[in-house]
Amino acid sequence: MATTTATITLSSTDLLSDELALSTTATLTAAGTSTGVVGTSGLGRKKLASGHAQYVLFDGDQYANGAHKLYLKNASTTAAEFFTIEINSEQMGKLYAGDWCFFPWEANADTNDIKIDPSADNMVLEYMLFIDE
Amino acid sequence: MATTTAAVTLTSDLLSDNMSVSASTTCMKAGTTADGLDQMEYGYLDLPTGDEYDLIATTPTATKASKLYLKNHSTDETYYIAITQNTQAIGRLYGGDWMFIPADFHDSDGDIAITANGGTNKICYALFHEGTALLAT
């Protein structure tokens, strides 16, 4: 069985009076089982050219309902540049330069597309989808 | 300036070549490299089945760059938390899973809502933000 893990570390020495040091690892498995996910899009890198607009990064009707996990990173180095992330038509948040995110994606409806909207031309996005097939 | 770092490492042997992807970011206020997120709330709680609850209501406002961490500490792999935002399904966090997302709470309906399935789920969460409105007494 393939083993895929995701580890997050959140740390700060000066946000609180006590040091913040949180680290946890998840093994990515199919929904409701201990069987590892067996699919991935692989690590991708996409430069969104001029005339920036909203793009469908992953189309909900191409994936079965499952415990997919999505990694996104804004590779921009310009602080004010961000990607707006939407699922279907609901805005989740803005991924600013250098920021990354990782979240489960259910794809429980054909309309539950992952959409990204760059705030500027020629921004670069890194992404990887782990697929519960 | 408060400095909070969020790092991720993804590893897998799914592919012919072993994969290891790492990224790290300093959690900054929206659109700046000069000032870090300087406020947080942190909690650990039992989430019973039966109702949908707002984990985070929409007090941080749009244009800001809040970051939300959420982990399902349940040890039963069949238990999960359904995550929705303004009734839109995002995904399911099964026992042991975590997520880290930007959350700009762009309007009054943009709450992050959670529903336990399978049994009482244990969750841990942290919201890093740059300001929330306290409710007046």
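The coordinates are above.
An account of the accompanying structure is given in this report. Just so we're clear, the structure is a prediction, and the values are computed from it rather than from any experiment.

**Section: the overall build of chain B**
Part 1 of the reasoning: Scanning chain B from terminus to terminus reveals zero helices and 10 strands.
Part 2 of the reasoning: Taken from N to C terminus, the helices and strands of chain B fall in the order β-β-β-β-β-β-β-β-β-β.
Part 3 of the reasoning: Projected onto its principal axes, the C-alpha positions of chain B cover 45 × 40 × 25 Å.
Part 4 of the reasoning: Counting all 137 residues of chain B, 45% fall into the buried class.

**Describing the interface of chain B and chain A**
Part 1 of the reasoning: Listed per partner, the contact involves 50 residues of chain B and 50 residues of chain A.
Part 2 of the reasoning: Broken down by secondary-structure element, the contributors of at least two residues to the side of chain B that touches chain A are strand 1 (4-12), strand 2 (19-26), strand 5 (66-72), strand 6 (80-85), strand 7 (88-94) and strand 8 (98-103) of chain B.
Part 3 of the reasoning: It is strand 1 of chain B that provides the largest number of residues to the side of chain B that touches chain A, a total of nine residues.
Part 4 of the reasoning: The residue makeup of the side of chain B that touches chain A, split by class, is 26 nonpolar, 17 polar and seven charged.
Part 5 of the reasoning: Of the pairings in the sheet, the one linking strand 1 (residues 4-12) of chain A to strand 1 of chain B comprises nine bridges and is antiparallel in character. Bridge pairing in strand 1 of chain B places A:Thr5 opposite B:Thr11.

**Observations regarding the environment of B:Asp13**
Part 1 of the reasoning: Note on placement: B:Asp13 falls in the loop between strand 1 and strand 2.
Part 2 of the reasoning: Sequence spacing of B:Asp13 and B:Ala2 is 11 residues, and the spatial spacing of their C-alpha atoms is 37 Å.
Part 3 of the reasoning: Apart from residues no more than four positions distant in its own chain, B:Asp13 is found in contact with A:Ala2, A:Thr3 and B:Asn18.

Scoring rules and cut-offs
- Residues take numbers from 1 onward in each chain, read along the sequence in its written order.
- Think of it this way: whatever chain is written first is A, whatever ligand is written first is 1, and the rest follow in order.
- In keeping with the model being predicted, local features are shown solely for residues with a pLDDT of at least 70 and side-chain atom pairs are shown and tallied solely at 80 or more, while totals for entire chains, interfaces and linings include all residues.
- Helix and strand labels come from DSSP, where a helix needs a run of H or I of at least four residues and a strand needs a run of E of at least two; each type is numbered from the N terminus.
- Residue burial is a threshold on neighbouring C-beta atoms within 10 Å of the residue's own C-beta, all placed from the backbone, with 20 or more meaning buried, 12 or fewer meaning exposed, and counts in between meaning partly exposed.
- Throughout, a pair of residues is in contact if the C-beta atoms placed from their backbones lie within 7 Å.
- Each residue is assigned to one of three groups, with Ala, Val, Leu, Ile, Met, Phe, Trp, Tyr, Cys and Pro labelled nonpolar, Asp, Glu, Lys and Arg labelled charged, and all others, Gly among them, labelled polar.
- DSSP calls a pair of strands paired once it identifies at least 2 bridges connecting them.

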